[in-house]
Structures are given as C-alpha cells and as structure tokens.
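Descriptive structure summary
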Amino acid sequence: MTEREILTTSGQEIVFVLVGLVVLGAAVLCVTTRQLVHAALWLVVALGGLAVEYLLLTAEFVAWVQVLIYLGSVVVLLLFGLMLTRAPIGPSPDVDSGNRRVALAVALASAATLVTLVVDAFRTTWIDLETPHGESAALGDSLFRAWVLPFEALSVLLLAALVGAIALSRARADRADGQADERGAR
C-alpha cells in the first residue's frame, strides 16, 4: 500500500464519521435534557446510530442484535416504565441534581482517557471493510454458550425494575388518593 492509498478517505469512512457525530450529539442530548421522555427518544437515536455504525463496519448480525435487543426491548421497557410511573412529561426539576460541573469534568476526563486508550491501541490497525466481520455462526455460538447467563440475568433485572416501578407508582397513587380524601373530609 502506498502512502496515498492510506491517506485517502472513502465515502464509507465519511459516513461513519458523520453518523458518529450524530450519535455523539444524541448521547449528549440524552443526558443533558431535563425531560425524561425526550431523553428516552434521544437514546433511541443514539442506539439506532450505533446500529448504522455496525452496518458500516460490515457486522450485520451485531447491527440487527442492536436493533432488536436495545431499540426493540430496552428502550420500549424504559418508555413503559416512564408511562407506568407517571413520570412528568414536561421539564422536571427533580431530574437535575445540581452536580452539572462535576459531572461535566468527570465526563470529559473519561472521554479523554477512552479516546487516548483507543487511539493508542488501534493506531496501526486497519479494518478491511471488503470482508464481512459479523458472521452470525461464530457470534451466536459465542453469545449463547458463554454469555447466555448474563443475558438472562439482565432480563430478570429489567423485569424486576419494571415490577418495582409499578409497585412504587401504585403506592404513591394510593397515598395521594388517601391524602386527597382526608382534605375533602375536613
């Protein structure tokens, strides 16, 4: 390979960077918005963008797993949890803890560390985009033999979180109804 071939960029690499910027913007908006429903929708954009990134890296199986598991399950579960707990639709002052400066400093330090590590680890590595990298047989065998227990544990954890959210919202609704009845009786 000549130096000119190494330094030229393809359309696929340009799209990869542009989609990466969209994912980064959606992720920042997801954690900075004060509206919970908007945060969930920005999470959908970020996770969908990651699926596009996997497609650009010719890892089709991983991209579809991203869409089915994260977009199809986790985000829907999150939205149902928001609806069942009667989370406020508009801006919520309870969402902001007042630690924005500390959180920003930690986020920037973490991002700088991760970027430095990734650049250092993959400085001379080139990904051959002509051959597929997401072969479903090897990935499926690896996931469903060695990682089936963590997948199941995650599903039980998410189910427990949803049941807990329903129980908490019902308890709050019952207390609010009881207080309203007491005020009406006075």
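These lines cover the structure that appears in this document, whether it is placed above or below. Worth saying up front: this structure is predicted, and the values here are computed from it rather than measured. (Residues numbered from 1 in each chain as written. Predicted model: local features only at pLDDT ≥ 70, side-chain atom pairs only at ≥ 80, totals over all residues. Heavy atoms only, no water.)

Some details on the overall build of the protein
To be explicit about the condition: Counting from the N terminus, the helices are DSSP H or I runs at least four residues long and the strands are E runs at least two residues long. Each residue is placed in one exposure class: buried if its accessible area under a 1.4 Å probe, protein chains only, is under 20% of its type's maximum, exposed if it is over 50%, and partly exposed if it falls in between. By the convention used here, residues are in contact when the closest approach between their heavy atoms is within 4.5 Å. Computed with the Shrake-Rupley method and a 1.4 Å probe, the accessible areas treat only the protein chains shown as cover for residues.
Along its length, the protein carries seven helices and zero strands. Each helix and strand of the protein, ordered N terminal to C terminal, gives the series α-α-α-α-α-α-α. Counting across all 186 residues of the protein, residues that qualify as buried make up 16%. Restricting the contact set of the protein to residue pairs at least 6 apart, pairs at least 24 apart contribute 73%. With an accessible surface of roughly 13,800 Å², the protein has 69% of that area assigned to carbon and sulfur atoms.

Brief notes about the pattern of salt bridges
Condition: Put simply, a salt bridge is a Lys or Arg side-chain nitrogen that is within 4 Å of an Asp or Glu carboxyl oxygen.
The final tally for this structure, using the stated rule, is one salt bridge. Measuring nitrogen to oxygen at the nearest pair gives 3.5 Å for the salt bridge that ties Asp120 to Arg123. Both residues of the pair, Asp120 and Arg123, count as exposed.

Remarks on the packing of helix α2 (residues 11-32) against helix α3 (residues 36-56)
Each pair of packed helices can be summarised by the angle the axes make with each other and by the distance between the axes. Here is the rule: For helices, the fitted line uses only the C-alpha atoms of the stretch in contact; every axis is such a line through C-alpha atoms, and the angle between N-to-C directions lies from 0 to 180 degrees. Should an angle lie under 35 degrees it is considered roughly parallel, over 145 roughly antiparallel, and from 65 to 115 roughly perpendicular; all remaining angles are considered oblique. What makes a crossing left-handed is the near helix being turned counterclockwise from the far one by less than a right angle; a clockwise turn instead makes it right-handed.
Interaxial distance between α2 and α3 falls to 8 Å at its minimum, and their mutual angle equals 160°. In terms of orientation, α2 lies roughly antiparallel with respect to α3. The crossing of α2 and α3 is left-handed. Residues Gln12, Val15, Phe16, Val19, Gly20, Val22, Val23, Ala26, Ala27, Leu29 and Cys30 of α2 pack against Ala39, Trp42, Leu43, Val45, Ala46, Gly49, Leu50, Val52, Glu53 and Leu56 of α3.

Quick word on α2
Stated formally: Expected span of a helix: the number of residues minus one, times 1.5 Å. Throughout, the arc means the angular range of directions from the helix axis out to the C-beta atoms.
With 22 residues, α2 extends 32 Å from end C-alpha to end C-alpha; this agrees with the ideal 32 Å at 1.5 Å per step. Within the span of α2, buried status applies to Val19, Val23, Ala26 and Cys30. Buried residues along α2 cover an arc of 65° about the axis, so they all sit on one side. Looking at α2, the residues exposed on the side facing more than 90 degrees away from the buried face are Leu18, Leu21, Leu24 and Val31.

A few points about a nonpolar patch on the surface
Basically, it comes down to this: Like charges are joined within 9 Å and nonpolar side chains (Val, Leu, Ile, Met, Phe, Trp, Tyr) within 5 Å, but only among residues with over 30% relative accessible area and no salt bridge; these make up the patches.
There is a patch of nonpolar side chains on the surface, built from Leu55, Trp64, Leu68, Ile69, Tyr70, Phe144, Trp147, Val148, Leu149 and Phe151 and spanning about 1,000 Å² of accessible area. Among the secondary structure elements, those contributing two or more residues to the nonpolar patch are α4 (60-84) and α7 (148-185). In terms of residue count, the dominant contributor to the nonpolar patch is α4 (four residues). Looking at the element boundaries, Phe144 is found in helix α6 (residues 136-146).

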